[in-house]
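Here are the chains, one letter per residue:
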Amino acid sequence: MSSYDVIIIGSGPGGYVSAIRCAQLGLKTACVEGRDTLGGTCLNVGCIPSKALLHATHMLHEAEHNFGEMGLKGKSPSVDWNQMQAYKQNTIDTNTKGIEFLFKKNKIDWIKGWATIPEAGKVKVGDDIHEAKNIIIATGSEPASLPGVEVDEKVVVTSTGVLSLNKVPKKMVVIGAGVIGLEIGSVYARLGSDVTVVEYLDAITPGMDAEVQKNFMRILKKQGINFIMGAAVQGTEASKSKAKVTYKLRKDESEHTLDADVVLVSTGRKPFHDGLDLNGLGVEMTKRGQIAVNDHWETSVKGIYAIGDVIEGPMLAHKAEDEGMAVAAVVAGKHGHVNYGVIPGVIYTHPEVANVGMTEEQLKEAGRAYKVGKFSFMGNARAKAVFAGEGFVKIIADKDTDRVLGAHIIGPAAGDLIHEVCVAMEFGASAEDLAMTCHAHPTYSEAVREAALACGDGPIHM
Ligand code: NAI
């Protein structure tokens, strides 16, 4: 038996970041992980591999659509799927090994296996019981199941199976127009699959700014993705290599079917805490099956904390990372803080979509007076030079104080641009503060400044 100041269960972005910070703060730290590699869903079967495939297929798109116009002539590249998979795996490996290196560097013990918590202060892995003054649960989430849909990870797949298909499917049906469905739908559409997204609601990407939703859908349609909206999937029937998807249109209850070679189920994720026996420990849960925590990420059982997808809030790697750092500070007797009002969201399609803070819809509902500054990438010289003039930056500021309340961007590098607005919001900046800041020319970021200018005396290039 070994004893630690803190044992973290799970090595995803929440768990591994927390482990590193705990160790940096002088705590004797171990992290339990049952997978063969560190990094959790994000590094192994989520954010990182999907970004590799998004990058590779975006390059293909550029070669097919824009090279000629730039005077780059010659045969378009053909797809070597096995090599693309190898590139994806290499990206995973370098990242997961990187975490292993950081664990060694910070003297964090990786306890290999699946953990249970027999009682507060104890973590059991295999036959070994380890003592821990503090336990942090960071066990993440798993794809939610859909009634009538049986996943085999070959024909009917989740976000995990879809990254390792043995070939590019001719026809793919995506259930759910959320982040996963649209990112992965984009990958396969660029590879030549006929992709149809079936979505229950009337708009894609639930909760996003309505104008972004509308424009995003228009752009994706132009890229060849088909949408069936207001349609509730009832079930799937799969054989060895084909599937049939049945859906009901909400407007008239009529039932329809679609044939597919692969069906991606991307209708949300649910917290994963199997095997920990939280009931037996008396850990309180929320109605939605998340672990309930207080302001310091402590559960109803003293000394047991929880962070990331397994607790309330957006299921985002960076939200988990922030909580991981904050809870480490708490466990080390310091102050930990996460500003849940300034957590950006990014969809890594092309163009990218990013948002932070309030939407117009939320502000209307709250009855708060606001103003909007909007700037199209068509007015941004850099974007136009690289075929990226589609989209816009929208900044929302308080009508009276000019304080920035949110931003919604669809366009080139939106996922990076959003962060200057995040920093502005953290500092309680006004739109004028953003507008008065010199932005290098020619950069995409000038579009953010122009949108901020549009909150005041007006943009220059529109
Ligand atoms: P999601 O919650 O984003 O979207 C699910 C969609 O499925 C919704 O639009 C919903 O209306 C629809 N739906 C549900 N039941 C349906 C039915 N029976 N028929 C038709 N449509 C139905 O879920 P998603 O895309 O699976 O993502 C899961 C989580 O992973 C999210 O919290 C997301 O934020 C996170 N994630 C984030 C990424 C990023 O930040 N880039 C990338 C991948 C995942």
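All values derive from a computational prediction rather than experimental measurement. (Residues numbered from 1 in each chain as written. Predicted model: local features only at pLDDT ≥ 70, side-chain atom pairs only at ≥ 80, totals over all residues. Heavy atoms only, no water.)

A. Structural detail: the pairing of strand 13 (residues 243-249). By the criterion of burial, strand 13 is predominantly enclosed, with 5 of the 7 residues buried. In this antiparallel pair of consecutive strands, strand 12 (residues 231-238) and strand 13, the connection spans 4 residues. Pairing analysis gives 6 bridges linking strand 13 to strand 14 (residues 255-260), with the strands arranged antiparallel. Bridge assignment links T246 to a residue of strand 14, and that residue is T257. Following strand 13, the chain reverses through 5 residues before pairing antiparallel with strand 14; E253 in that reversal takes a positive phi of roughly 65°. (Buried < 20%, exposed > 50% of the residue type's maximum accessible area, 1.4 Å probe, protein only. Helix = DSSP H or I, 4+ residues; strand = E, 2+ residues; numbered from the N terminus. Pairing = 2+ DSSP bridges.)

B. Region of interest: the domain arrangement of the protein chain. Along its sequence, the protein chain is carved into domain 1 (3-143 + 270-331), domain 2 (156-267) and domain 3 (345-454). Distance from the C-alpha centre of domain 1 to the C-alpha centre of domain 2: 27 Å. The partner domain 2 presents 16 residues to the 18 residues of domain 1 that form the contact. For the pair domain 1 and domain 2, the summed buried area comes to about 1,300 Å², and 66% of that belongs to carbon and sulfur atoms. Where domain 1 packs against domain 2, one counts 1 salt bridge. Between E183 and K51 there is a salt bridge; the shortest N-O distance is 3.0 Å. Between the two partners, domain 1 and domain 2, sit 7 residue pairs in polar contact (both at pLDDT 80 or more). Mapped by element, the contributors of at least two residues to the side of domain 1 that touches domain 2 are helix 3 (47-65) and helix 4 (81-105). Per-element accounting of the side of domain 1 that touches domain 2 gives the leading share, 10 residues, to helix 3. (Domains from an automatic or database assignment. Contact = heavy atoms within 4.5 Å. Buried area = accessible area lost by both parts, 1.4 Å probe. Salt bridge = Lys/Arg side-chain N within 4 Å of Asp/Glu carboxyl O. Polar contact = N/O pair within 3.5 Å; in protein donor to acceptor, adjacent residues only side chain to side chain.)

C. A look at the site of the ligand. If you check the shell around the ligand, you find 24 residues, and the closest are I180, E199, V233, G268 and V346. For the ligand, an oxygen atom lies 3.3 Å from a polar atom in the backbone of V179. For the ligand, a nitrogen atom lies 3.1 Å from a polar atom in the backbone of Y200. Its free accessible area being 860 Å², the ligand has 79% of it covered by the protein chains. (Near = heavy atom within 4 Å. Areas by Shrake-Rupley, 256 points an atom, 1.4 Å probe, with all protein chains shown as cover.)

D. A look at the sheet that holds strand 15 (residues 262-265). Ordered by their spatial adjacency, 5 strands build an open sheet running 8-15-9-10-11, and the pairing between neighbours is parallel. At either end of the open sheet lies a strand with only one pairing partner, and these are strand 8 (156-157) and strand 11 (226-228). Those strands touched by helix 5 (residues 179-190) are strand 9 (171-175), strand 10 (194-198), strand 11 and strand 15, and its axis lies near 165° from that of strand 10. (Axes fitted to C-alpha atoms, helices over the stretch in contact; angles between N-to-C directions.)

E. Local environment of the nonpolar core. One finds F103, I136 and I137 to be the most contacted residues of the largest nonpolar core, which totals 52 residues. Looking at this core element by element, the count peaks at 6 residues for helix 1 (residues 13-24). In this structure I137 touches I9, I117, L276, L278, I291, I304, Y305, A306, I307 and V310, once residues within four positions along its chain are discounted. Within the second largest apolar cluster, 38 residues are counted, among which are I184, I225, M229 and I410. (Core = buried A, V, L, I, M, F, W, Y, C linked by side-chain atoms within 4.5 Å.)

F. Examining helix 8 (residues 317-331) more closely. Between the first and last C-alpha of helix 8 there are 21 Å, a value that for 15 residues agrees with the 21 Å anticipated at 1.5 Å per step. Those residues of helix 8 lying buried are K319, A320, E323, G324, A326, V327, A328, A329, V330 and V331. The inward-facing, buried residues of helix 8 contact strand 1 (3-9), helix 1, strand 6 (128-137) and strand 17 (304-306). One or two positions beyond helix 8, positive phi appears at G333, with a value near 85°. (Expected span 1.5 Å × (residues − 1).)

G. The packing of helix 1 against helix 8, seen in detail. Across the interface, helix 1 lies against helix 8 with an axial gap of 7 Å and an inter-helix angle of 30°. On the basis of the axis angle, helix 1 is roughly parallel to helix 8. Crossing angle aside, the handedness with which helix 1 passes helix 8 is right-handed. Side by side, helix 1 and helix 8 meet where P13, G14, V17, S18, R21 and C22 of the first sit next to A317, A320, E321, G324, M325, V327 and A328 of the second. (Parallel < 35°, antiparallel > 145°, perpendicular 65-115°, else oblique. Left-handed = near helix turned anticlockwise from the far one by under 90°.)

H. Structural detail: the packing of helix 3 against helix 5. In contact at an axis separation of 9 Å, helix 3 and helix 5 are set at 40° when each is read in the N-to-C sense. With respect to helix 5, the axis of helix 3 lies oblique. In this structure, helix 3 crosses over helix 5, and the sense of that crossing is left-handed. Contact residues: helix 3 offers S50, K51, L53, L54, T57, H58, L60, H61 and E64, while helix 5 offers E183, I184, S186, V187 and R190.

I. The arrangement of the side chain of S50 in detail. Within the secondary structure, S50 sits in helix 3. S50 sits in the buried class, given a relative accessible area of 7%. Excluding residues that lie within four positions of it along the chain, S50 makes contacts with L163, E183 and I184.

J. Spatial organisation of the sheet that holds strand 22 (residues 404-411). What the 5 strands build is an open sheet, ordered 18-19-22-21-20; its pairing is antiparallel. A strand with exactly one partner marks an edge of an open sheet, and here the two such strands are strand 18 (345-347) and strand 20 (370-376). On average, each strand axis in the sheet is tilted by 10° relative to the strand beside it, whichever way the strands run. Two elements, strand 20 and strand 21 (residues 392-398), share 7 bridges in a ladder whose sense is antiparallel. When the bridges of strand 21 are listed, Y370 appears paired with D398.

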